[in-house]
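Here's the letter readout for the chains.
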Amino acid sequence: MIGRVVPLLLVAAAAAGCDDFATPAQLTKPTVLAVIADPPIVAPGASAAISVAMAGPDGPIAGPTVTWSLAETYPGIAPFGTITPTADGAATYAAPDPLPPLPDKVPPVVTIQAAIGGDTPITALMAIGVVAVPSANPVIDALTVAGATGDTATITHGATVDVAAMITPAADDTTSFAWYSTAGEIERYQSNPTTLVAPAEPGSGWIYVVVRDGKGGAAVRSIAVTIN
């Protein structure tokens, strides 16, 4: 049964997807980079921590004001489980056990909705599967900027530099990357490694990368950059 459910589950998660996740070129305003569930697939009767990763022109946004709710994944099928707000804009999703009856060939997928307040409200959706299989988010071990790793980076104005994310487990055909930057332009923002063109003038900014494993898992990492 698990072997049959998991492929269907992943198809459903991809179909539910996420809403209002901007492209890197849009990082001129507060932006949702990802909604992350830990673990990304939850067993019946278990729970997952849900959080929103956001950034804007001035850097990462901590503790956004979020209204959490469950939304329909499939028309006419009520969502199941509960979503409870916690500290710093996060939440906990608790899956029921047993699961409610579902129509044939409909996998147990719940859609979580995060409504983020602010001058321009943002709504983001993410799908989480409810099935007893091992799961974990990918880990971004380090970001490399111009060949160096660390908590911060320094680059020269006008320069073109290499940027890369080192992750565990290693990337495969299902892994995707999305780069965001206020420290220069990343034209190939879905590649890893890729290149960044620094601004023509000195200043400062941030580089972000979002890694998705194609199985519902996601991770976000950022680095502050000084442009000399």
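Residues numbered from 1 in each chain as written. Predicted model: local features only at pLDDT ≥ 70, side-chain atom pairs only at ≥ 80, totals over all residues. Heavy atoms only, no water.

Colleague: Just give me the short version of the sheet that holds strand E9 (residues 122-130), but keep the residues and values in it.
Modeller: Spatially, four strands are ordered E2-E9-E8-E5 in an open sheet, and the strand pairing comes out mixed. In this open sheet, the two strands that pair with only one neighbour each are strand E2 (41-42) and strand E5 (66-71). The pairing of E5 with strand E8 (residues 109-116) spans six bridges and is classified as antiparallel. Its bridge partner lying in E8, Thr67 is registered against Ala115. (Pairing = 2+ DSSP bridges. Helix = DSSP H or I, 4+ residues; strand = E, 2+ residues; numbered from the N terminus.)

Colleague: So what's going on with the environment of Val163? Residues and values would help.
Modeller: Structurally, Val163 is set in strand E13 (residues 160-168). For Val163, a relative accessible area of 1% translates into the label buried. As a C-alpha pair, Val163 and Trp179 span 16 residues in sequence and 9.6 Å in three-dimensional space. The residues touching Val163, leaving out its near neighbours within four places in the chain, are Thr144, Val145, Trp179, Pro193, Thr194, Thr195, Leu196 and Ile207. (Buried < 20%, exposed > 50% of the residue type's maximum accessible area, 1.4 Å probe, protein only. Contact = heavy atoms within 4.5 Å.)

Colleague: Lay out the nonpolar core with the relevant residues and their values.
Modeller: Counting 24 residues, the largest nonpolar core has Ile50, Val52, Trp68, Tyr93, Ile112 and Ile128 as the members making the most contacts within it. Mapped by element, the contributors of at least two residues to this core are strand E1 (31-38), strand E3 (47-56), E5, strand E7 (91-94), E8 and E9. Residue contributions to this core peak at five residues, all from E9. With sequence-adjacent residues up to four places away left out, Trp68 is seen in contact with Val35, Ile50, Ser51, Val52, Ile83, Pro85, Gly89, Ala90, Ala91, Ile112, Gln113 and Ala114. The next biggest cluster of nonpolar side chains, apart from the first, holds 22 residues, and it includes Ile140, Leu143, Val211 and Ile223. (Core = buried A, V, L, I, M, F, W, Y, C linked by side-chain atoms within 4.5 Å.)

Colleague: Give me the pairing of E7: which residues, what numbers.
Modeller: Looking along a regular strand, one sees side chains alternate from face to face of the sheet. Residues Ala91 and Tyr93 line the buried face of E7, whereas the alternating positions Thr92 and Ala94 sit on a face that is not buried. For E3 and E7, the ladder comprises four bridges, and the chain directions are antiparallel. Bridged to Ala48 within E7 is Tyr93. As defined by bridge partners, strand E6 (residues 82-85) adjoins E7 across four bridges and the pair is classed as antiparallel. Each residue of the ladder has a partner; that of Pro85, found in E7, is Ala91.

Honestly, it's all geometry; don't read function into it.
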